[in-house]
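# Architecture at a glance
So the chains spell out like this:
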Amino acid sequence: WLKPAATSALLFFPAPLKQQASGTMARTLAALLAAALLSGASGLLTGRLAANTTFTVNDKVYVDGSLFAESVAIGDNLGCTEHKGTSSFKVCGCGVKVLAHMMTECQTYQRYDAQIGKCDCSSTACDVVTLKSGYSAPFNWNAASFEISPC
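Figured I'd write up the structure that's included with this text. (Residues numbered from 1 in each chain as written. Predicted model: local features only at pLDDT ≥ 70, side-chain atom pairs only at ≥ 80, totals over all residues. Heavy atoms only, no water.)

## A short note on the sheet that holds strand β10 (residues 143-150)
To be explicit about the condition: A strand pair is defined by DSSP finding two or more bridges across the two strands. Note on conventions: DSSP H or I runs of at least 4 residues are helices, E runs of at least 2 residues are strands, and numbering of each starts at the N terminus. An axis is simply a line fitted to the C-alpha atoms; with a helix, the fit covers only the stretch in contact. Between two such axes, the angle follows the N-to-C directions and lies from 0 to 180 degrees.
Here we have four strands laid out as an open sheet, ordered β3-β10-β5-β6, and antiparallel in their pairing. Edge positions in the sheet fall to β3 (79-86) and β6 (113-116), since each of these pairs with one other strand and no more. Pairs of neighbouring strands in the sheet enclose a mean axial angle of 25°, with direction left out of account. Strand direction decides the pairing type here: strand β5 (residues 96-101) and β6, joined by four bridges, are antiparallel. Note on β6: the bridge partner recorded for His 101 is Asp 113.

Pasting the structure below:
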């Protein structure tokens, strides 16, 4: 009553059903392969794969006053990151920049997106930003997500 693990369920179907099941499995495998390839391609499009990106010891990202990522470890943090909300960012070095978003999932929203990081290798100064908006009565706004990318 137990069958060996190598025995396929297809062996118990009549010939036309074997071909039908094989075709269905082939289409399912093709769909899974396409999905896997597309997810890898989306990583390339969003900058999450940084095979050719190099960061130096001068490249540092601070979020809410704390060091978030530095040097080579920045490559592991590329892309969108959700945050509880902060208006304080600091980016050092000329190889990295941060795009802060008021919306979650790094969605853009009118004037509530800000780039932190100058991408200027002629300067050693860090770019320190407190997110503000408003004309007559300026106020701090909090970023709910931010995106780290190479310059």
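## Things to note about the nonpolar core
Threshold: For this analysis, a nonpolar core means a set of buried residues of the types Ala, Val, Leu, Ile, Met, Phe, Trp, Tyr and Cys, connected via side-chain atoms within 4.5 Å. Only protein chains enter the accessibility calculation, which uses a 1.4 Å probe; a residue is then buried when its area is under 20% of its type maximum, exposed when over 50%, and partly exposed in between. Contact between two residues is taken to exist if any of their heavy atoms lie within 4.5 Å; hydrogens are not considered.
Residues Ile 74, Phe 89, Val 96, Val 98, Ile 116, Leu 131 and Ile 148 are the most contacted members of the largest nonpolar core, which totals 20 residues. Among the elements of the structure, β1 (60-63), β4 (88-92), β5, β6 and β10 are those that each provide at least two residues to this core. For Val 96, the residues in contact, after removing those within four places along its chain, are Phe 55, Asp 59, Lys 60, Val 61, Ile 74, Val 91, Gly 117, Cys 119, Ile 148, Ser 149, Pro 150 and Cys 151.

## Brief notes about the pattern of salt bridges
What counts, and what does not: Within this document, salt bridges are pairs made up of a side-chain nitrogen of Lys or Arg and a carboxyl oxygen of Asp or Glu, the two lying within 4 Å of each other.
Within this structure, the stated rule accounts for two salt bridges. Ionic pairing is found between Asp 64 and Lys 84, a salt bridge with its closest N-O pair at 3.1 Å. Residue Asp 64 is found in the loop between β1 and β2 (66-70), and its partner Lys 84 is found in strand β3; the two are separated by 20 residues along the sequence. The partner of Asp 127 in a salt bridge is Lys 118, and the shortest N-O contact between them spans 4.0 Å. Under the relative-accessibility criterion, Lys 118 is labelled exposed at 62%.

## With respect to the pairing of β2
Inspection of the sheet shows β1 paired to β2 by four bridges, in the antiparallel sense. The partner of Val 61 across the bridge, within β2, is Ala 69. The turn joining β1 and β2, which pair antiparallel and follow one another in sequence, is formed by two residues; a positive phi near 55° is taken by Asp 64.

## Things to note about the side chain of Ser 133
By secondary structure assignment, the location of Ser 133 is in strand β8 (residues 132-133). Those residues in contact with Ser 133, other than ones at most four positions away along the chain, are Tyr 112, Pro 138, Phe 139 and Trp 141.

## What to know about the state of the cysteines
Stated precisely, the cut-off is as follows: Throughout, a disulfide means two cysteine sulfur atoms within 2.5 Å of one another.
Summed over the entire model, instances satisfying the criterion amount to four disulfides. There is a disulfide in this structure between Cys 80 and Cys 106, and the S-S distance comes to 2.2 Å. Because the sign of the S-S torsion sets the handedness, a value of about 100° for the bond joining Cys 80 and Cys 106 places this disulfide among the right-handed ones. Linking Cys 80 in strand β3 with Cys 106 in the loop between β5 and β6, this pair joins segments that are 26 residues apart in sequence. A residue is classified by how much of its surface remains accessible, and Cys 80, at 26% relative accessible area, is partly exposed. Each sulfur in the disulfide pair Cys 92 and Cys 126 lies 1.9 Å from the other. Across the S-S bond linking Cys 92 and Cys 126, the dihedral sits near 105°, which makes this disulfide right-handed. Taken together, the residues Cys 92 in strand β4 and Cys 126 in the loop between β6 and β7 (127-130) connect sequence positions 34 residues apart.

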